[in-house]
Amino acid sequence: MDRRKPSSCSRFTLLLRNLFIAALAYTFVVEVLHIYQTGTISPFSKPPPKKSTGKDSKGGSLSGGVNWRLRPTTLVESINDDFLGKRPDVDTYANYTKLIETCRGSLDGLEKMRNVYDCLDYLTYHEDDYFFIPENRPSAADPGYKSIEDAAPPSTHHIGDCPGPVQLYHTYWTGPATWRVELFVKAYLYTQNIPCSRLYIWLESDGFPNAVPDMMKDPLFAKFLPLVERGDLVLKAWKFPRRIPLPKGAIAEDPAYTKSLVGKGTIRRTSDETRSSKTEVYIADGVVRMEDGSEWLVLTERQMTFLPVAVSDAVRFVVLHLYGGVYMDMDVMLLRDMRPLLLTPDHNFAERWAVHSHPGDYNTAVMSLNANTSLSSYLVRGGIRMGLNFHPRIIGRMAWKDGRNEEFVMFETGLFDPIWGEFNWGREGRCTVPCFKDYGVAFQGTKGAIKDEWESYDGEPLSERVYQRELELRSRVSDSPSSSPDEPERTTVGAQAMGKGDVDVTYGGKPYTLKEDRYPPNNRTLENFFRGAWSYHIHNQWTKHPQPNSWFDVVQKAHDSYLRGTRKNVYGESWTGPDIPAYDRWPEFD
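Sequence order as written defines residue numbering, which begins from 1 separately in each chain. Residues qualify for local features only when their pLDDT is at least 70, as the model is predicted, and side-chain atom pairs are given and counted only at 80 or more; totals for whole chains, interfaces and linings, by contrast, use all residues. Where side-chain values are given, they derive from all heavy atoms of the structure, hydrogens and water being excluded.

- As recorded in an unreviewed UniProt entry, the protein chain goes by SnoRNA binding protein and comes from Choiromyces venosus 120613-1.

### Brief notes about the nonpolar core
Point 1. Put simply, buried Ala, Val, Leu, Ile, Met, Phe, Trp, Tyr and Cys residues joined by side-chain atoms within 4.5 Å make one nonpolar core. Burial here depends on accessible area, computed with a 1.4 Å probe over protein chains only, as a share of the maximum for the residue type. Under 20% is buried, over 50% is exposed, and the range in between is partly exposed. One finds Met338 and Tyr536 to be the most contacted residues of the largest nonpolar core, which totals 91 residues.
Point 2. Only DSSP runs of H or I covering at least 4 residues are called helices, and only runs of E covering at least 2 are called strands; the numbering of each starts at the N terminus. It is helix α5 (residues 179–191) that contributes the most residues to this core, 9 residues altogether.
Point 3. Look past the residues within four positions of methionine 338 in its chain and what remains in contact with it is Tyr169, Gln192, Val326, Phe349, Val366, Phe416 and Trp534.
Point 4. Counting 39 residues, the second-largest nonpolar core is a separate cluster that includes Val315, Leu320, Leu379 and Ala399. Contacts are assigned to residue pairs with any non-hydrogen atoms lying within 4.5 Å of each other.

### What to know about the packing of helix α12 (residues 374–385) against helix α13 (residues 392–401)
Point 1. Think of each axis as a best-fit line through the C-alpha atoms, taken over the contacting stretch in the case of a helix, with angles from 0 to 180 degrees between the N-to-C directions. Where α12 meets α13, the closest approach of the two axes is 10 Å, and the angle between their N-to-C directions is 120°. Taken together, the axes of α12 and α13 are oblique relative to one another. The handedness of the crossing between α12 and α13 is right-handed. Of the residues in α13, those touching α12 at Tyr378, Leu379, Gly382 and Gly383 are Ile395, Met398 and Ala399. The scheme is simple: roughly parallel for angles under 35 degrees, roughly antiparallel for over 145, roughly perpendicular for 65 to 115, oblique for anything else. Handedness of each helix crossing follows the sense of rotation of the near helix against the far helix: counterclockwise by less than a right angle gives left-handed, clockwise gives right-handed.

### Observations regarding the side chain of asparagine 523
Point 1. Along the chain, asparagine 523 falls in the loop between β17 (512–513) and β18 (535–537).
Point 2. Residue asparagine 523 is classed as buried on the basis of its relative accessible area, which comes to 11%.
Point 3. Throughout this description, a polar contact denotes any pair of N or O atoms lying within 3.5 Å of each other; where both atoms belong to protein, one of them has to be capable of donating a hydrogen while the other can accept it, and for residues adjacent in sequence the pair is counted only when both atoms sit in side chains. Within the structure, asparagine 523 has its side chain in polar contact with the side chain of tryptophan 454 (distance 3.3 Å).

### Section: α12
Point 1. What a helix is expected to span follows from its residue count: subtract one and scale by 1.5 Å. Taking 1.5 Å per residue, 12 residues should reach 16 Å; α12 reaches 16 Å between its end C-alpha atoms and fits that length.
Point 2. Along α12, the positions that sit buried rather than exposed are Leu375, Ser376, Ser377, Tyr378, Leu379, Val380, Arg381, Gly382, Gly383 and Ile384.
Point 3. Just downstream of α12, glycine 387 is the residue with a positive phi angle, here 80°.

### A short note on the packing of helix α2 (residues 96–103) against helix α3 (residues 116–125)
What describes two packed helices is the angle between their axes and the distance between those same axes.
Point 1. Where α2 meets α3, the closest approach of the two axes is 9 Å, and the angle between their N-to-C directions is 145°. On the side of α2, the interface is formed by Lys98, Leu99, Thr102 and Cys103, while α3 contributes Cys119, Tyr122 and Leu123.
Point 2. Residues were grouped as follows: Ala, Val, Leu, Ile, Met, Phe, Trp, Tyr, Cys and Pro as nonpolar; Asp, Glu, Lys and Arg as charged; and all remaining residues, including Gly, as polar. Among the residues forming the contact of α2 with α3, the class breakdown is 5 nonpolar, 1 polar and 1 charged.

Shown next, in the form of C-alpha cells:
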C-alpha cells in the first residue's frame, strides 16, 4: 500500500479548495440572511450612510447638502388625498370568489396569479363588482347596535359608536417601540373604520414579565397613550397558554385512544393549575373533557420546555382561535379599510407564499380566522402536535394534506404584498405602479435611485409635471439666477410656504438649491403607491429608516398631516381624535 504523504503542492491545492468552498457557503448564508432581514438582494452593495455633523462648511444646518428647512415638500401641484372615495358602507362584504377568480384565475387554476398589475387594476376600479351589501345586514343583527344616523363620531376622548359589530386587529411585538410600531399604528389610524375597530398589541411577556408596563413608559409609544386611554389600542401580555379552550366536538373523540387509556385516562389537575380539583378525561391525543363538558387542548410540561423560537408564528394562530379577527405582522402597512374582508361570515384567509403554486404554501403575515371554530381548533392543535411548529408553510401543507385548505382561503399576493412575485422573479405582464424590483427601494429618496418606477403609469407623464413644477418654483424667488429653461435643476428655489424673496434666516440666510439636494422633492404621492392593495409588506428591514422624499417619507407626511388636521385620509375624512405627535426626523440625514 502506498502510504506516501501528499506533496506540499497537493496540500496547498486542497487548502485553496476548502477555503473556496467555505467562502461560497459563507456568502450564501449571508445573502439568505440579508434577504430575509432586509428584503434587498445584495448585502455588499452600499454601506450605511455615515452620521454627519449636520453642518455645512459654513456652519449651516443641512440635509442632503442643502438647507432642509426650505425644501419643498413635493413637486405635485395638487395632491389627491381622498383617492379611494367614500369609505365602504359599514355592512359591506367582500366577495371572496370574485377576488380569487380575478387575481388567480379559476378557483383551482393559476392562470392570473403572476399578473399583479391586472389584479391591482381590478381592486382599484371595480369595487362595485366585488363589494356588496347582504340582504341581512350585520348592523341589524343586534338591537343593541346604534343606527348609522345615531352613532356618535370619534372625538378627543371617545372612540365613537359602531353601528355594527366591532372587528379586532392583532399584532405582536417584543422589546421597546421603534419606528415600525409607529408606522403600523399610524397606518391603522389613517385607513381603518376607527369606531368599528380595536387594535390589540400583544407584547412578549414569557421572557419579559413587565412588557406591558414598560411599553406604557416607552418614550416613543408615549405618542399613543391618549389612544390607549380612548380605547383604540389595547396592550396585551402574551404568555403561551398551557390550556386552550376548544368548542365542544371540534376534535373528534378517538375511541382507540380512549380505550388505550382505560385505567389511566383520568387525571386530576394540580393545585397550582386551578383552585378546584375537577376530574378531566383524555378523549384524544392532547385533548381533555372536563366534568362540565368543556373540552381543552392541553400542553404537557415537556412541550412547554420547547416553546417555539418563532413565537409570532404561534401567537397568530392561538390569538385568532381565542379572539377572532385579523392578525398582521408589525412590518405590514395598511393601505385600505380591511372591514369588508373581515365582516364576511367565514372570514378565514391568508395569502399565498410569493408565487409558489402549491395550494398549501400559505403566508400568514396577514391572516384572519373566525374564533373558536373547528378550523381554528384544527390549526392550533396541528401546530402543537408537530412540536409547536406553526410555520405557515408547514401548517398549510398539513391543511392541504387533510383536505381542509378549502376552508382556509388563499388570496394572491396582490391583495397584501404586491411586489413579492416581482422580488422573486415570478411576475408576468406589466409591473405594478410604482415598479419595485427590491423591497429596499421604498426607503430611498435620492434622485434616480428607483429605476423605471413609473414604467407602468398610464396617466399624464409625471416627468413633464415635475419639469413644469420646478419652473414654477423657480419663478417664486427674486434672487434666482438666470438659466436656460432646459436646465431647471440649476435654479435656486424657495420653499412653497414662503413668499417671493423670503429667506430663512434661521440658518444664516442660506437658500435652498435644488441641484445640490441629494433628496430633492419629486412626484410621488400615496395615490400611486400600489393603489388597490389592502396592505404593503415591508419584509423586516428593521434597522432601515426612510430617506427624505422616499416613498415611506411620502407616507409619513400623509399620516402626520392627517393626524394634525391639515389633510384628509384616503376616504376624505378628517381626524377628530386626540393630538398625535409627528414622526421624528432621522439624524443620519442631517
